[in-house]
Amino acid sequence: MTESTARLVGAKPIEVVVMNTLTVNLHLMLTSFYRPKHKQNKIIIESGAFPSDQYAVASHAKWHGYDPKEVVLEWSPRSNEDRLYYEDLEKLMSDNQGEVSLILLGNVNYRTGQAFPLQKIAKLAHENEAHLGVDLAHGAGNLELKLHEDKVDFAVWCSYKYLNGGPGALGGCFVHEKFAERFDLPRFEGWWGHDKVKRFLMEPQFSPMKGAEGWQLSNPPILPMATLRASMEIFDEVGMAMLRKKSEQLTGYFEFLLHNLNVKGLRILTPSKVDERGCALSLAFGQSGKSLMEKLNSEGVKCDYREPGVLRFAPVPLYNSFRDVFELGEILKKYVG
Ligand SMILES: *Cc1c(COP(=O)(O)O)cnc(C)c1O
């Protein structure tokens, strides 16, 4: 499982562990990687971040005695736009020079489908002595990731979205190799993170395992491990490179059909550049979004609705075909064409 997980996110085996669920792992990571010092106490998140991420960072701000309104900053879109620009993040960093401790981003953003340039952002964070953490709920199993090479400090993900682990499936966690032996980093400790060789000696002193496994707390639930393992075997068999290749074509085809439909007032929130998105396209239909969603559901289309008026369509390369996308286009034509 460790090897497959490492391959999936572009990591070394020592950098990954399958444990807990996403938000739990995020809290464990924030405990170690949000270490505010005097003036350097700010966290940057993307505006419209997934609520759990917003709650998690706000609660850590409070835990350290700060008002989240003062220390949590948002990287926001320009007026009347949905996408975020790297240059604006750079500006936010320089406007808060020496004060940012952590950048935490959802990659891919769950609402707009925008993917961020992690390598560039990690470099920006490190130049400012800040850390970069990434929530890969919509990235793992969707993008071809290179977490090690990109020098992301930590990442967390769930495996019941693109990884098909089933509801309540176990989450994953990445901690860059450079922290593998940083035993001085404060962390929440549990016996399952203790040196494997000595775990059953039941020593009173905690001596963490090297790498991401040193953040484990409890012994893992075996049944959810088994379902995830079955899924990871499929990912291993095909490989992310092949999946991504088909994914780009599949989503490109969907985009082409949408442009041909020429729907009045339809806004595609997701960037049109292939390297700035995963497989999903988020479409804003305004007032008619909700009723359209219901009509699509009645035709057997499985998509997802987010207020206000946004429908997310994710042609997944592992099990969706070009024919599925064609048929979706035909159904859309019926209602909005
Ligand atoms: C789905 C999702 C989560 C879910 O968190 P859990 O702790 O697994 O319930 C978190 N973050 C993002 C961005 C998500 O899309």
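All chains use their own residue numbering, which begins from 1 and follows the written sequence. Under the rules for a predicted model, residues below a pLDDT of 70 receive no local features and side-chain atom pairs below 80 are neither given nor counted, while totals for whole chains, interfaces and linings still include all residues. No hydrogens and no water enter the side-chain calculation; it runs on all heavy atoms of the structure.

1. Considering the sheet that holds strand 11 (residues 310–313)
One open sheet accounts for four strands, arranged 8-9-11-10; its pairing is antiparallel. Each edge of the sheet is formed by a strand with only one pairing partner; in this case those strands are strand 8 (267–268) and strand 10 (304–306). Between any two strands, at least two bridges found by DSSP are needed for them to pair. Note on conventions: DSSP H or I runs of at least 4 residues are helices, E runs of at least 2 residues are strands, and numbering of each starts at the N terminus. Pairing between strand 9 (residues 281–284) and strand 11: four bridges, direction antiparallel. Residue pairing for strand 11: alanine 284 is matched across the bridge by valine 310. Relative to the sheet, helix 9 (residues 240–261) contacts strand 8, strand 9 and strand 11, its axis offset from that of strand 9 by approximately 20 degrees. Throughout, a contact is declared for two residues whenever any of their heavy atoms are within 4.5 Å. In this analysis, axes come from line fits to C-alpha atoms, helices being fitted only over the stretch in contact, and the angle between any two N-to-C directions falls in the range 0 to 180 degrees.

2. Structural notes on the environment of proline 51
In this structure, proline 51 sits in helix 3 (residues 51–63). For the pair formed by proline 51 and threonine 227, sequence separation is 176 residues and the distance between their alpha carbons is 27 Å.

3. As for the site of the ligand
Lining the immediate environment of the ligand, one finds Leu22, Thr23, Phe50, Asp53, Asp135, Ala137, His138, Cys158, Tyr160 and Lys161. Pairs of N or O atoms are called polar contacts if they sit within 3.5 Å, as long as, within protein, a hydrogen donor faces a hydrogen acceptor (for residues adjacent in sequence, only side-chain-to-side-chain pairs). In the environment of the ligand, an oxygen atom lies 2.8 Å from a nitrogen or oxygen atom belonging to the side chain of histidine 138. Between the ligand and lysine 161, the relevant distance is 2.6 Å, taken from an oxygen atom to a side-chain nitrogen or oxygen of the residue. Throughout, the Shrake-Rupley method with a 1.4 Å probe supplies accessible areas, and for residues the shown protein chains are the sole cover considered. When isolated, the ligand has an accessible area of 390 Å², and the protein chains bury 84% of it. In the shell around the ligand, the residues fall into five nonpolar, two polar and three charged. Each residue is tested against the molecule or strand, and it is near if at least one of its non-hydrogen atoms lies within 4 Å. Following the grouping adopted for this structure description, the nonpolar residues are Ala, Val, Leu, Ile, Met, Phe, Trp, Tyr, Cys and Pro, the charged ones are Asp, Glu, Lys and Arg, and the polar ones are all others, Gly among them.

4. Considerations on helix 9
One less than the residue count of a helix, multiplied by 1.5 Å, gives the span that helix is expected to have. For helix 9, with 22 residues, the first-to-last C-alpha span of 31 Å sits near the 32 Å given by 1.5 Å per residue. As for helix 9, its buried residues are in contact with helix 1 (2–9), helix 8 (222–238), strand 8, strand 9, strand 11 and helix 11 (322–336). Two residues or fewer past helix 9, asparagine 262 is found with a positive phi of approximately 55 degrees.

5. Looking at the sheet that holds strand 2 (residues 42–46)
The sheet built from seven strands is open, its strands ordered 1-7-6-5-4-2-3 with mixed pairing. One side of each edge strand has no neighbouring strand; the edge strands of this open sheet are strand 1 (16–18) and strand 3 (72–75). Neighbour to neighbour, the strand axes of the sheet diverge by 20 degrees on average, direction disregarded. In terms of strand pairing, strand 2 meets strand 4 (residues 100–106) through four bridges, oriented parallel. Residue pairing for strand 4: isoleucine 44 is matched across the bridge by isoleucine 103. In the packing of helix 2 (residues 22–33) onto the sheet, contacts are made with strand 4, strand 5 (131–135), strand 6 (154–157) and strand 7 (172–175), and the angle to strand 6 comes to roughly 165 degrees.

6. Examining the side chain of lysine 42
Within the secondary structure layout, lysine 42 lies in strand 2. There is a polar contact of 3.1 Å between the side chain of lysine 42 and the side chain of asparagine 96. Residues in contact with lysine 42, not counting those within four places in the same chain, are Glu70, Val71, Leu73, Asn96, Glu99, Val100, Ser101 and Leu102.

7. Quick notes on the packing of helix 9 against helix 11
Relative to each other, helix 9 and helix 11 sit at 20 degrees, their axes nearing to 10 Å. Considered as vectors, helix 9 and helix 11 are oriented roughly parallel to each other. Judged by the sense of rotation from one axis to the other, the crossing of helix 9 with helix 11 is right-handed. The residues of helix 11 that touch helix 9, namely those facing Lys246, Gln249, Leu250, Tyr253, Phe254, Leu257, Leu258 and Leu261, are Phe322, Val325, Phe326, Leu328, Gly329, Leu332 and Lys333. Any angle that falls under 35 degrees is termed roughly parallel, while one over 145 is termed roughly antiparallel, one within 65 to 115 roughly perpendicular, and all others oblique. Should the near helix be turned counterclockwise from the far one by less than a right angle, the crossing is left-handed, whereas a clockwise turn marks it as right-handed.

8. Quick look at the domain arrangement of the protein
Domain start and end points were adopted from an automatic or database domain assignment. Each assigned domain of the protein is listed with its residue range as follows: domain 1 (2–236) and domain 2 (240–336). With 19 residues of domain 1 in contact, the opposing surface of domain 2 contributes 24 residues. Salt bridge, as used here, is a side-chain nitrogen of Lys or Arg placed within 4 Å of a carboxyl oxygen of Asp or Glu. Where domain 1 packs against domain 2, one counts two salt bridges. Two residues, arginine 267 and aspartate 82, come together in a salt bridge whose shortest N-O distance is 2.9 Å.

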